[in-house]
Amino acid sequence: MIRPATLREAVAARGEYRAGGTDLLARRRLGLHDGEVVDLTHIPGLAGIERQEDGAVRIGALTRIADVASHPLVAGAYPALANTAGSLATPQIRAVGTIGGNLLQRNRCPYYRHPAFSCFKSGGDGCPARHGDHSHGVIFDLGPCVSPHPSSIGAALLTYEAGVEVAGRGRLSVADLFGDGTDGRHDHRLGPGDVLVAVYLPPPLEGERAAYRRVTSRALAEWPTVEAVCRLALDEENRISVARVAVGGVAPIPLRRPEVEDALVGVSASDRTAIERAARRATEGADPLPQTSHKVPLLEALVADVVESAAAGDAHTEAGRAERGLPTKSGRL
Amino acid sequence: MIIGFRLNGQEVTARVDHPASLLDVLRDQLGAYGSKNACEQGECGSCSVLLDGELVCSCLVLAADAEGSEVTTVEGVAPEGELHPVQEAMNRVGAVQCGFCTPGFVVAAVDLFERNPHPTSREIKEALAGNICRCTGYGAIIRAFEELAGREVR
Ligand SMILES: Cc1cc2nc3c(=O)[nH]c(=O)nc-3n(C[C@H](O)[C@H](O)[C@H](O)COP(=O)(O)OP(=O)(O)OC[C@H]3O[C@@H](n4cnc5c(N)ncnc54)[C@H](O)[C@@H]3O)c2cc1C
Ligand code: SF4
Ligand code: FES
Ligand code: FES
């Protein structure tokens with residue numbers, strides 16, 4: 001294991017980076033990785049949350065997920081990000097896993113994670129899931145790999161139009177970090193020597209509101225079947241003036257849904273019928289696999305739900321969060 | 001590399017030659033078998049320990065991270081020969097069947113009651129979400145801690 005003390009040393013080191021290590025160590029246990037580990041945790045300045053002079057908020061890549069969920073700067077101005085961070089995985093994982101590791105974690109496909117199978121993601125050729133069990137798979141079949149991207153935080157950051165800073169490469173949008181989903185081999189577009197340094201959240205809009213929702217097969221701790229994030233600004237007449245919607249669990253990348261965003265603009269925040277109509281456009285262009293058609297109605301309903309929840313602003317009150325099963329402050333989530 | 005840390009109040013050292021997990025070192029080198037090894041994937045919580053007071057899965061934490069810190073395992077939640085109120089609550093209600101998950105639940109619940117002596121049912125479930133039990137169906141476990149939440153813990 002290499003333990004660089006500076007960013008420069010980390011960039012020069014060869015091996016797989018380790019932040020919280022919750023994904024990397026799990027893969028090592030499965031025999032998917034036995035190479036060199038480059039530990040980033042001894043480099044100063046990579047963790048922490050602060051407001052910049054221009055009003056943007058900088059979150060260091062090694063900031064723990066639990067801290068993203070509970071930090072007042074995030075919970076106050078970027079509540080959908082805080083809720084996403086507080087809803088994913090388990091208390092034990094959130095205490096160790098980092099925001100950078102969440103974005104760059106490898107795929108959760110059971111074939112990829114099983115040493116007996118080889119596929120595009122593990123360096124082979126072919127996708128056993130496409131012809132086998134892909135009930136966890138995508139409905140937007142954008143490339144050769146049919147497993148959904150694992151990062152919940154990725155979807156939240158798309159709605160906030162966040163950027164990331166990569167050592168030596170400068171700023172990249174979160175959308176560029178993930179690409180267009182046609183590359184079946186990688187889960188993100190960083191390569192050897194690319195150290196993710198920080199995430200930048202642009203200043204919030206006046207009076208904006210947001211929400212995060214997920215569908216799971218178990219009340220807590222389970223990976224989402226589908227998930228959705230929505231961020232809205234309303235005009236004086238309570239009509240939606242800005243909408244940002246992104247979804248997860250349905251594509252090889254966290255996916256923004258501009259079709260829904262366009263359809264929401266001008267809609268009254270209390271017009272459920274119009275919101276539901278707009279939400280149905282979340283599946284426009286979807287091409288479900290034989291075993292994933294159940295995700296089509298799930299996604300449409302969830303998007304309607306997350307938009308209504310954002311419009312009602314109830315993700316911003318403790319009572320609203322408890323009601324919707326979102327973590328509350330007292331739970332230190 | 002030789003690492004040193006405090007395990008349940010006692011100074012210990014261990015040799016780590018590869019990116020070993022804290023769980024490996026606890027069980028294979030330090031004879032602390034209370035923390036269980038079930039999935040090594042962060043899914044079950046049976047390896048839960050407190051690392052400087054923070055609830056973590058020791059299977060996914062590098063042993064090297066423990067250097068200089070305080071690690072509390074189920075063996076250390078109460079003085080020798082005594083039970084922590086969390087353990088007494090589980091005993092009272094019979095919240096144990098095979099017992100494999102129990103050390104993880106005990107450590108997670110000790111952490112919860114340290115922070116919040118009177119958690120609601122929802123807070124109990126959130127705090128224990130990272131721990132899986134294959135036997136009890138959780139009913140008795142949740143009940144034990146609901147009961148405890150209604151009493152004065154410390
Ligand atoms: C039971 C369970 C449920 C879960 N549910 C969810 C869920 O619902 N949603 C979700 O999003 N996640 C979920 N996760 C995954 C969890 O969020 C990730 O394991 C965690 O975020 C990874 O962060 P880390 O810091 O531990 O990453 P690491 O394991 O340290 O790293 C992951 C990858 O990113 C790379 N990397 C990390 N940091 C950097 C950096 N700064 N620069 C360059 N490369 C870097 C590493 O090289 C590695 O390839 C779940 C995990 C478990 C165990
Ligand atoms: S879905 Fe992706 S990760 Fe799973 S087997 Fe196919 S190529 Fe591999
Ligand atoms: S053994 Fe660590 S979570 Fe299961
Ligand atoms: S008592 Fe058997 S796993 Fe919980």
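Residues numbered from 1 in each chain as written. Chains lettered and ligands numbered in written order. Predicted model: local features only at pLDDT ≥ 70, side-chain atom pairs only at ≥ 80, totals over all residues. Heavy atoms only, no water.

1. Side note on the domain arrangement of chain B
All names here are of chain B.
Next up, step 1: With domains assigned, chain B is organised as domain 1 (2-75) and domain 2 (85-148).
Next up, step 2: Computed from C-alpha atoms alone, the centre-to-centre distance between domain 1 and domain 2 is 21 Å.
Next up, step 3: Contacts between the two partners involve 15 residues from domain 1 and, on the opposite side, eleven residues from domain 2.
Next up, step 4: The junction of domain 1 with domain 2 conceals about 1000 Å² of combined surface from both sides, 67% of it contributed by carbon and sulfur atoms.
Next up, step 5: In this structure, the connection of domain 1 to domain 2 is made through three residue pairs in polar contact (both at pLDDT 80 or more).
Next up, step 6: When residues in the side of domain 1 that touches domain 2 are grouped by element, the largest group, three residues, is from strand E3 (residues 48-51).
Next up, step 7: Here the side of domain 1 that touches domain 2 is composed, by residue class, of six nonpolar, seven polar and two charged. (Domains from an automatic or database assignment. Contact = heavy atoms within 4.5 Å. Buried area = accessible area lost by both parts, 1.4 Å probe. Polar contact = N/O pair within 3.5 Å; in protein donor to acceptor, adjacent residues only side chain to side chain. Helix = DSSP H or I, 4+ residues; strand = E, 2+ residues; numbered from the N terminus. Nonpolar A, V, L, I, M, F, W, Y, C, P; charged D, E, K, R; others polar.)

2. Some thoughts on the domain arrangement of chain A
All names here are of chain A.
Next up, step 1: Domain annotation of chain A identifies domain 1 (45-201) and domain 2 (209-323).
Next up, step 2: A C-alpha centroid distance of 19 Å is found between domain 1 and domain 2.
Next up, step 3: Contacts between the two partners involve 41 residues from domain 1, matched on the other side by 41 residues from domain 2.
Next up, step 4: Contact between domain 1 and domain 2 buries roughly 3400 Å² in total, counting both sides, with carbon and sulfur atoms accounting for 64%.
Next up, step 5: On the domain 1 side of the interface with domain 2, the three residues burying the most area are Ile139, Phe140 and Thr159, jointly 23% of the side's total.

3. Here we look at the pattern of salt bridges
Next up, step 1: Scanning the model with the defined rule gives 34 salt bridges over all chains in all.
Next up, step 2: Here Arg64 of chain A and Asp67 of chain A are joined by a salt bridge, their closest N and O atoms 2.9 Å apart.
Next up, step 3: Note that Arg239 of chain A is salt-bridged to Glu237 of chain A, the shortest N-O span being 2.6 Å.
Next up, step 4: The network of salt bridges with common partners includes Arg3, Arg18 and Asp39 of chain A together with Asp65 of chain B. (Salt bridge = Lys/Arg side-chain N within 4 Å of Asp/Glu carboxyl O.)

4. Considering the pairing of strand E6 (residues 170-173) of chain A
Within a regular strand, the side chains alternate between the two sheet faces.
Residues and elements named next belong to chain A.
Next up, step 1: Pairing of strand E5 (residues 163-166) with E6 involves four bridges; the strand directions are antiparallel. Across the sheet, the residue bridging to Val164 is Leu172, located in E6.
Next up, step 2: In this structure, the hairpin formed by E5 and E6 is closed by a connection of three residues, where Gly168 is found at a positive phi of approximately 80 degrees. (Pairing = 2+ DSSP bridges.)

5. Considering the pairing of strand E4 (residues 57-60) of chain A
Residue and element names in this part refer to chain A.
Next up, step 1: Along E4, one buried face is formed by Val57 and Ile59 and the opposite face, lined by Arg58 and Gly60, is buried too.
Next up, step 2: Linkage of strand E3 (residues 49-51) to E4, two consecutive antiparallel strands, is achieved through a turn of five residues, within which Gly55 is found at a positive phi near 90 degrees.
Next up, step 3: Pairing analysis gives four bridges linking E4 to strand E7 (residues 196-201), with the strands arranged antiparallel. Each residue of the ladder has a partner; that of Val57, found in E7, is Leu201. (Buried < 20%, exposed > 50% of the residue type's maximum accessible area, 1.4 Å probe, protein only.)

6. Let's talk about unusual backbone geometry
The phi angle of most residues is negative, glycine excepted, and most peptide bonds adopt the trans form.
Next up, step 1: In this structure, Asn238 of chain A is a non-glycine residue whose phi angle is positive, near 65 degrees.
Next up, step 2: Along the chain, the position of Asn238 of chain A falls in the loop between strand E9 (226-234) and strand E10 (240-248).
Next up, step 3: You can call Asn238 of chain A partly exposed: its relative accessible area is 34%.
Next up, step 4: Look at Tyr138 of chain B: it is not a glycine, yet its phi comes out positive at around 70 degrees.
Next up, step 5: Checked against the element boundaries, Tyr138 of chain B lands in the loop between helix H4 (121-127) and helix H5 (139-149).
Next up, step 6: When its relative accessible area of 26% is taken as the criterion, Tyr138 of chain B is described as partly exposed.

7. Observations concerning the interface of chain B and chain A
Next up, step 1: Counting from both sides, the interface comprises 33 residues of chain B and, opposite them, 31 residues of chain A.
Next up, step 2: Both sides together, the interface formed by chain B and chain A hides about 2600 Å², and carbon and sulfur atoms give 52% of it.
Next up, step 3: Looking only at chain B, the three residues that lose the most surface to chain A are Gln41, Leu60 and Glu126 of chain B, adding up to 23% of its buried area.
Next up, step 4: Scanning the region where chain B abuts chain A turns up five salt bridges.
Next up, step 5: At the junction of chain B and chain A, the tally comes to seven residue pairs in polar contact (both at pLDDT 80 or more).
Next up, step 6: Secondary-structure elements contributing two or more residues to the side of chain B that touches chain A are strand E4 (54-57), helix H3 (102-115) and H4 of chain B.
Next up, step 7: In terms of residue count, H4 of chain B provides more of the side of chain B that touches chain A than any other element does, five residues in total.

8. Overview of the site of ligand 1
Next up, step 1: Surrounding ligand 1, one finds 36 residues, the nearest of these being Glu16, Tyr17, Ala19, Thr22 and Thr98 of chain A.
Next up, step 2: More than a single chain frames ligand 1: its nearby residues are located in chains A and B.
Next up, step 3: Gly20 of chain A is positioned with one of its backbone polar atoms (N or O) 2.8 Å from an oxygen atom of ligand 1.
Next up, step 4: Asp23 of chain A is positioned such that a nitrogen or oxygen atom in its backbone is 2.9 Å from an oxygen atom of ligand 1.
Next up, step 5: Protein burial of ligand 1: of its 980 Å² of free accessible surface, 97% is covered by the chains.
Next up, step 6: Within the residue set of the shell around ligand 1, elements represented by two or more residues are strand E1 (16-18), helix H2 (22-29) and helix H7 (99-104) of chain A.
Next up, step 7: Looking at the shell around ligand 1 element by element, the count peaks at four residues for H2 of chain A.
Next up, step 8: Class assignment for the residues of the shell around ligand 1 results in 17 nonpolar, twelve polar and seven charged. (Near = heavy atom within 4 Å. Areas by Shrake-Rupley, 256 points an atom, 1.4 Å probe, with all protein chains shown as cover.)

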